[in-house]
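Commentary on secondary and tertiary structure
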Amino acid sequence: MFPEGFFARADPSPDAAFYSWPRLVTHIDDRAIAAVGALYDELEITGTVLDLMGSWVSHFRRAPDNLTVLGMNDEELAANPQASATVLHDLNDDPILPFEPDTFDAAVCCVSVDYLVRPIEVFTDVARVMRAGGPFVCTFSNRCFPTKAIRGWLQANDEQHCAIVSEYFRRAGGWSEPVAEGRTPAASPGDPLFAVWAFAI
Ligand SMILES: C[S@@+](CC[C@H](N)C(=O)[O-])C[C@H]1O[C@@H](n2cnc3c(N)ncnc32)[C@H](O)[C@@H]1O
């Protein structure tokens, strides 16, 4: 499933340089953002929540009671109005999360899973810090920073992206069988939004 070079990137330099300046922008359009918030409501993402690979917007319709946002740029994180806590951490340098086991009720990762070069280790560690039954929701569209996305992602289509993320959950272990869905109407104008999620066992 993951051939040699799958996790290589055009720009293999440390991510700290690429993310050293803040990008206070949205990476998907309003309809896709609304689809993310609607899915979080549908899956009842509440309580103590981890936003993995986060920035200044976390896309919740209502902020969870306690939202920890982990990302690469401190100015982006400081500007996030829904964050209760922020953590600077490079998951490609160290896929082990700086949290105790059973810390979170849920985790989310929006339009960022394609930048992980060690995703299975990260997904394994998300399971460690989640309480049993908690969902981990990965959402993505069809665009990215191409020099920082893994080669396997750039060469895949939307359906294959869903299969790739589903396989991350399966290979990581500690997760229920993942669910993959298109969350915006097929072949409609605007950014498409796809989601893959599973529950911690
Ligand atoms: C396209 S932005 C998405 C930000 C946010 N999740 C959103 O929905 O707008 C990609 C994010 O991934 C984060 N990121 C990229 N590489 C990372 C890494 N190696 N470790 C942790 N976070 C990373 C960056 O901080 C950046 O905010």
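Here we summarise the structure given alongside this text. Note that the structure is predicted; figures quoted are calculated from it, not measured.

Nonpolar side chains tend to gather and get buried jointly when the protein is soluble and globular. Ala107, Val108, Val126, Val137 and Cys138 are the most contacted members of the largest nonpolar core, which totals 55 residues. Listed by contribution, the elements that provide at least two residues to this core are α2 (30-42), β1 (48-52), β2 (66-71), β4 (106-110), α4 (119-129), β5 (135-140), α6 (158-172) and β7 (194-199). Those residues in contact with Val137 that sit more than four places away from it in its chain are Leu39, Tyr40, Leu43, Ile45, Val108, Ala195 and Trp197.

Moving on to the pairing of β5. Burial analysis of β5 places six of its six residues in the buried class, the great majority of the element. Of the two faces of β5, the one carrying Pro135, Val137 and Thr139 and the one carrying Phe136, Cys138 and Phe140 are both buried. In the sheet, β4 pairs with β5 via four bridges, with the strands oriented parallel. Among the inter-strand pairings, Val108 is bridged to a residue of β5, identified as Val137. The β-α-β motif built from β4, the intervening α4 and the parallel element β5 has right-handed crossover chirality. Two strands pair when backbone bridges link them, and β5 and β7 are joined in this way by six bridges, in the antiparallel orientation. Bridge assignment links Val137 to a residue of β7, and that residue is Trp197.

So, about the site of the ligand. Contacts to the ligand come from 19 residues, most closely from Met53, Ser55, Gly71, Met72 and Cys110. Taken together, the residues of the shell around the ligand break down into eight nonpolar, eight polar and three charged.

Between α4 and α6, the least distance of the axes is 8 Å, while the angle of their chain directions is 60 degrees. In terms of orientation, α4 lies oblique with respect to α6. The way α4 lies across α6 gives a crossing that is right-handed. Each of Pro119, Ile120, Phe123, Thr124 and Ala127 in α4 lies in contact with α6, whose residues at this interface are Tyr168, Phe169, Arg171 and Ala172. For the contact of α4 with α6, a count of residues per class yields seven nonpolar, one polar and one charged.

The rules behind each value
- Residues numbered from 1 in each chain as written.
- Predicted model: local features only at pLDDT ≥ 70, side-chain atom pairs only at ≥ 80, totals over all residues.
- Core = buried A, V, L, I, M, F, W, Y, C linked by C-beta atoms within 7 Å.
- Buried ≥ 20, exposed ≤ 12 C-beta atoms within 10 Å, placed from the backbone.
- Helix = DSSP H or I, 4+ residues; strand = E, 2+ residues; numbered from the N terminus.
- Contact = placed C-beta atoms within 7 Å.
- Pairing = 2+ DSSP bridges.
- Right-handed = clockwise from strand over helix to strand, strands pointing away.
- Near = placed C-beta within 6 Å.
- Nonpolar A, V, L, I, M, F, W, Y, C, P; charged D, E, K, R; others polar.
- Axes fitted to C-alpha atoms, helices over the stretch in contact; angles between N-to-C directions.
- Parallel < 35°, antiparallel > 145°, perpendicular 65-115°, else oblique.
- Left-handed = near helix turned anticlockwise from the far one by under 90°.

Function-wise, these values are silent; they only describe arrangement.
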